[in-house]
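Descriptive analysis of the structure
Here's the letter readout for the chains.
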Amino acid sequence: MAQQPSEIRVRIDQIERLLMFDYEPGAEGALFDICDAAGHVVKTGDVHGPVTRVRITDLDGEEYFLMVLDGETSTVKPFQLRRVA
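Since this is a predicted model, take the numbers as computed values, not measurements.

What counts and what doesn't
- Residues numbered from 1 in each chain as written.
- Predicted model: local features only at pLDDT ≥ 70, side-chain atom pairs only at ≥ 80, totals over all residues.
- Heavy atoms only, no water.
- Helix = DSSP H or I, 4+ residues; strand = E, 2+ residues; numbered from the N terminus.
- Buried < 20%, exposed > 50% of the residue type's maximum accessible area, 1.4 Å probe, protein only.
- Contact = heavy atoms within 4.5 Å.
- Areas by Shrake-Rupley, 256 points an atom, 1.4 Å probe, with all protein chains shown as cover.
- Phe/Tyr/Trp six-rings, centres within 6.5 Å; stacked < 30°, edge-to-face > 60°.
- Pairing = 2+ DSSP bridges.
- Axes fitted to C-alpha atoms, helices over the stretch in contact; angles between N-to-C directions.

Helix and strand counts for the protein chain stand at zero helices and seven strands. Mapped from its N terminus to its C terminus, the protein chain presents α and β elements in the order β-β-β-β-β-β-β. Here the protein chain, with 85 residues, has 31% of them falling under the buried criterion. Within the protein chain, residue pairs in contact and separated by at least 24 positions form 52% of the contacts whose partners lie at least 6 positions apart. Just so you have it, the protein chain exposes about 5,600 Å², and 50% of that area is on carbon and sulfur atoms.

Structure, rendered in structure tokens:
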């Protein structure tokens, strides 16, 4: 029986400039990538469930994709950063 991919819930803390996502990995060594709109990986790291926090002070675009690689499963979630005036 195939395991259903877990839903990823993404939150952006504009004040602290953090991306937080809720994801409980099903396999040891789960990784995440943040890709820009052109598909280039701009950040990568380990998933620390249940909540992973990523500093995003160096991201200057608006549209990104969070991809979680968890064993045989990959889940992609688009998100947007809005510039603070």
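Inspection of the entire model under this criterion finds two aromatic pairs. When the ring of Tyr-64 is compared with that of Phe-79, the centres are 5.8 Å apart and the planes differ by 20 degrees; the resulting orientation is stacked. Linking Tyr-64 in strand β6 (residues 63-70) with Phe-79 in strand β7 (residues 73-80), this pair joins segments that are 15 residues apart in sequence. In this structure, Tyr-64 and Phe-79 share a single accessibility class: buried.

Taken in spatial order, the four strands make up an open sheet running β4-β3-β6-β7, and their pairing is antiparallel. Pairing within the sheet leaves two strands with one partner each, and these edge strands are β4 (41-46) and β7. In this sheet, neighbouring strand axes are inclined to one another by 20 degrees on average, regardless of whether the strands run parallel or antiparallel. Note that β6 and β7 share eight bridges and pair antiparallel. Paired with Val-68 across the two strands is Thr-75, which belongs to β7.

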